[in-house]
Amino acid sequence: MSNKPSYEELEERIKQLEKTEKELNLIFELSPDLAGTVNLNRGYFTRVNHTWEIFGRSLKEFLERPFFDFVHPDDQNATSNVVDAIQSGQFITKFENRYRCKNGSYKTIEWHATPAQPDGTTFVSGRDVTERRQSEKALRESETLLKSLIRAIPDLVWLKDPEGIFLFCNSRLEKLFGLNEKDIIGKTDYDITNKELADSFRKHDKIAIAKGKPSKNEEEVTFVDDGHREILETIKTPMYRSNGQLIGVLGIGRDITDRKRAEEALQDSESFIKLVMDKLPIGLAVHSVELPALKFEYMNDNFLKLFRTTREALADPDAFWISAFEDPEFREEITKRIMDAYASGDLAQLHWEDVPITRKGEKTSFISAQNVPVPNKALMISTVWDVTDRKQAEDQKARLEAQLHQSQKMESIGTLAGGVAHDYNNMLSIIIGYAEMIMENLDSNDPIYKDAAQIYNAGKRSSDITRQLLAFARKQTIQPIVIDLNQNINSMLKMLRRLIGEDIDLAWLPVSNLWHLKIDPSQVDQILANLCVNARDAINGVGQITIETANVDFDEEYCADHSGFIPGDFLMLAVSDNGIGMEPETLNKIFEPFFTTKGVHEGTGLGLSTVYGIVKQNNGFINVYSEPGKGTTIKCYFSRHAGDTFEIKHDSITELPLGQGETILLVEDDNSILKLGERMLKSLGYSVLPGSTPQKAINLAKKNKDEIDLLITDVVMPEMNGKELSEKIQNICPGLKILYMSGYTANVIAHHGVLDDGIFFISKPLSKKELAIKVKELLDKN
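Residues numbered from 1 in each chain as written. Predicted model: local features only at pLDDT ≥ 70, side-chain atom pairs only at ≥ 80, totals over all residues. Heavy atoms only, no water.

**Re the sheet that holds strand β25 (residues 708-714)**
For clarity, the threshold we go by: Between any two strands, at least two bridges found by DSSP are needed for them to pair. Numbering of helices and strands runs from the N terminus, with a helix taken as a DSSP run of H or I at least four residues long and a strand as a DSSP run of E at least two residues long. To define axes, lines are fitted to C-alpha atoms, for helices over the stretch in contact only, and angles between the resulting N-to-C directions are given on a 0 to 180 degree scale. Any two residues having at least one pair of non-hydrogen atoms within 4.5 Å are treated as being in contact.
Here 5 strands make up an open sheet; going across it, the order is β24-β23-β25-β26-β29 and the pairing parallel. Each edge of the sheet is formed by a strand with only one pairing partner; in this case those strands are β24 (687-691) and β29 (761-763). The mean inter-strand angle of the sheet, taken between neighbouring strand axes irrespective of direction, is 20°. Judged from the 5 bridges that link them, β25 and strand β26 (residues 737-742) form a sheet pairing that is parallel. In the strand pairing of β26, Leu710 is matched with Lys737. Contacts from helix α20 (residues 671-683) reach β23 (663-667), β24 and β25, with the element oriented near 170° to β24.

Have a look at this one:
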């Protein structure tokens, strides 16, 4: 049986083939892609579909010219290589080249081709991807531009994957870490910064991921490139794909340093303004004018302080008057006054002076106030200031003026006292000196001896008055030494008890570890004697006098509140009595010279003036407290001596020390005293060269420069003073010892009566015993 198809079968197959061919041709022609056949051996298209008309050419043109004529010159080598591949039997997919349109432009075509047939025929299809490629290029350019913009913006921008690995960063982030992008991408924070900062970054990444939405945070960072610090406000946003898969965290960090600093500056400014307002030395308040109620919008601390009230007390609008003005009568008066002033609107009436503010148990204070209406508002600004000090100052001014007049009067008397003392002591030197020498030559039972003794005692009492005058005037010449004040007072107690009498108990209350004091010991004797006598005279009958010492320290704050006190460390010497006390009028005059409450011939009025002068001469001050019927306490304060501590003590001398024929140059412008001094010194065994003027003394020094052992000179003389004379004579007799004598040194050898170091001095009126001791002491001194 034959398998050959029948004629009918063949005819059917032919019909099927024709149908298939028609369908293929239809598909070929209707394809939106370029379709065609090419004979690679000839280099021509053998067939193209209508899609080729996109090039603006007829289909015939593509069949009549080699296909290479339409290929862009730059793509021909690549196209030639593809043709070779097709001829070698390869399938070609997605090969692109550019084809020229009739208008000269080019379209980019993506080609697919089948392997060439033996006759060199191949089927090609192409798709116009010009717009796609342009879009992709534009997209790439946009991405490049966007990336450049992101890299250039001043904010930090970065992208991390869910594990914290950097996928992208801009240049600002590079500066933060001091690295290039290539050194950051693929790394984590822990690879490029310190652990503390990395922990902070990672922590906030996780917070953003956990929230599933943007998370804002502030972080202060230091830039590695230049070390400057910035406060960054970071917004971290989780990024997701369309399927909800987490891509990572996009971070944007903005420098808010200036803003934060401005906010802080604003807060500081507001705080500062509030602090200034609160701490102004005046009171300030803003309040309603709906009198009598006062609703406060603002009040500073001093407003409350000046009215002596609290914020809580003024919270109630009706509480101000009761809280500020405690006295009902005055409250009614001041309320009416203020309400009238407010009603008038007159600024002059809205200014108040010296309004008293009182509180039980407190001193009355005084305020002044100015009230100013706020324009277009039912408010008033009230400024209040304390005028208590001014009021007190006005009162004190009168007292100070009186004290000034008193001080000027005392200074004038002091100057007079110094001048009088100089001449008076010269006269007393003659009286006491000659009386003393008369007594030396007579038996104590001789009537003339007794007469001379009366003259001598009267002279000594007179010299005590002179010494008191000089002490008051602070012109008494002293030789301060470092002493233990307790010890000095203790040695005087026996004498003081005899001085005040048996009816008065003397209590001695020394403080232990008393600081040392530099003072002339004789001045301590004067102070205690005068104070104790004054205390004794204030006691009627039986009573008590108390002497006490203490170490005290006054600071600036204490002295500011206590007039007359001086800051520093002081020794206090106090004498108290339980006598009759004093009225304020008497108290203000107790240091005036010659002022006394005692009867005629009962006192000189110089006792307390002497104490005052001694304390002032030693740079101290005095405080007195007294009330009628409550006794008196006088406290003397002396500056603590912080240097070496030592005390000079003299043994008591019963016999006058005599000289060994030493030569003394004696200079005194008063001939009577010169003769007296010469006679005293010769009787003590010295050879004397008397000079009545400084020039005569200089001449004597030149003639006897190798013989003179000591110069004794008056301090106040015509021509030149004793200090100038001693310097001239020491030029003639180098190393010569000097003894000055005077009743008033006029600060020639002493400053404010205090002898300079190395100065030897004997005060007038002269005593033979004192002269003998002082001369011998000086001659024996190495």
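**A word on the environment of Val129**
In plain terms, the rule: For the exposure calls, accessible area comes from a 1.4 Å probe over protein chains only, and a residue counts as buried if that area is under 20% of its type's maximum, exposed if over 50%, partly exposed in between.
Position of Val129 among the secondary structure elements: in the loop between β5 (121-128) and α4 (130-152). On the accessibility criterion, Val129 (1% relative accessible area) is buried. Between the C-alpha atoms of Val129 and Glu96, which are 33 residues apart in sequence, the distance is 8.9 Å. Not counting residues up to four positions away in its chain, the partners in contact with Val129 are Glu96, Thr108, Ile109 and Glu110.

**Quick look at the packing of helix α21 (residues 694-703) against helix α22 (residues 722-732)**
Stated precisely, the cut-off is as follows: In these notes the angle categories are as follows: under 35 degrees is roughly parallel, over 145 is roughly antiparallel, 65 to 115 is roughly perpendicular, and the rest is oblique. Crossing chirality is assigned from the near helix's rotation relative to the far helix, an anticlockwise turn below a right angle marking it left-handed and a clockwise turn marking it right-handed. Polar here means any residue other than Ala, Val, Leu, Ile, Met, Phe, Trp, Tyr, Cys and Pro, which are nonpolar, and Asp, Glu, Lys and Arg, which are charged; Gly is therefore polar.
The interhelical angle for the contact between α21 and α22, taken along N-to-C directions, is 15°, at an axis separation of 9 Å. In terms of axis orientation, α21 runs roughly parallel to α22. The chirality of how α21 crosses α22 is right-handed. Only Leu725, Lys728, Ile729 and Ile732 of α22 make contact with α21, whose side of the interface consists of Pro694, Ala697, Ile698, Ala701 and Lys702. In the contact of α21 with α22, the residues fall into 7 nonpolar, no polar and 2 charged.

**Some details on unusual backbone geometry**
The phi torsion at Arg308 lies on the positive side, around 55°, for a residue other than glycine. By the element assignment, Arg308 lies in the loop between α10 (301-306) and α11 (320-324). The class of Arg308 is partly exposed, set by a relative accessible area of 22%.

**Structural notes on the sheet that holds strand β1 (residues 34-39)**
The sheet built from 5 strands is open, its strands ordered β2-β1-β5-β4-β3 with antiparallel pairing. The open sheet is flanked by β2 (44-48) and β3 (92-100), the only strands paired with a single partner. Put simply, the sheet's adjacent strands are angled 35° from each other on average, direction ignored. Where strand β4 (residues 106-113) lies against β5, 5 bridges are found, and the strand directions are antiparallel.

**Side note on a negative patch on the surface**
Defined as follows: Each patch groups residues whose relative accessible area exceeds 30% and which form no salt bridge, using 9 Å between like charges and 5 Å between nonpolar side chains of Val, Leu, Ile, Met, Phe, Trp and Tyr. Accessible surface area values rest on a Shrake-Rupley calculation with a 1.4 Å probe, where residue burial reflects the displayed protein chains alone. Whenever Lys or Arg places a side-chain nitrogen within 4 Å of a carboxyl oxygen from Asp or Glu, that contact is recorded as a salt bridge. Charged residues are defined here as Lys and Arg on the positive side and Asp and Glu on the negative side; His and the ends of the chain fall outside this count. In plain terms, the charge of a residue is placed at NZ if it is Lys, CZ if Arg, CG if Asp and CD if Glu.
Side chains of Asp553, Asp555, Glu556 and Glu557 sit close together on the surface and give a patch of like negative charge. Its place among the elements puts Asp555 in the loop between β19 (543-554) and α17 (556-561). Owing to a relative accessible area of 44%, Asp555 belongs among the partly exposed residues under this scheme.

**Some points on a nonpolar patch on the surface**
Side chains of Phe272, Ile273, Leu275 and Val276 sit close together on the surface and give an oily, nonpolar patch of about 370 Å² of accessible area. Looking at the secondary structure, you find Leu275 in helix α9 (residues 257-279). For Leu275, a relative accessible area of 47% translates into the label partly exposed.

**Overview of the pattern of salt bridges**
A full pass over the atoms with the stated rule returns 35 salt bridges. Lys236 serves as the salt-bridge partner of Asp205, at 3.1 Å between the closest nitrogen and oxygen. A residue pair is termed long-range when its members are at least 10 positions apart, and Asp205 in helix α8 (residues 195-211) and Lys236 in strand β9 (residues 229-240) qualify at 31 residues. A salt bridge links Glu627 to Lys630; its shortest N-O distance comes to 3.6 Å. Classification of Lys630 by relative accessible area gives exposed; the value is 61%.

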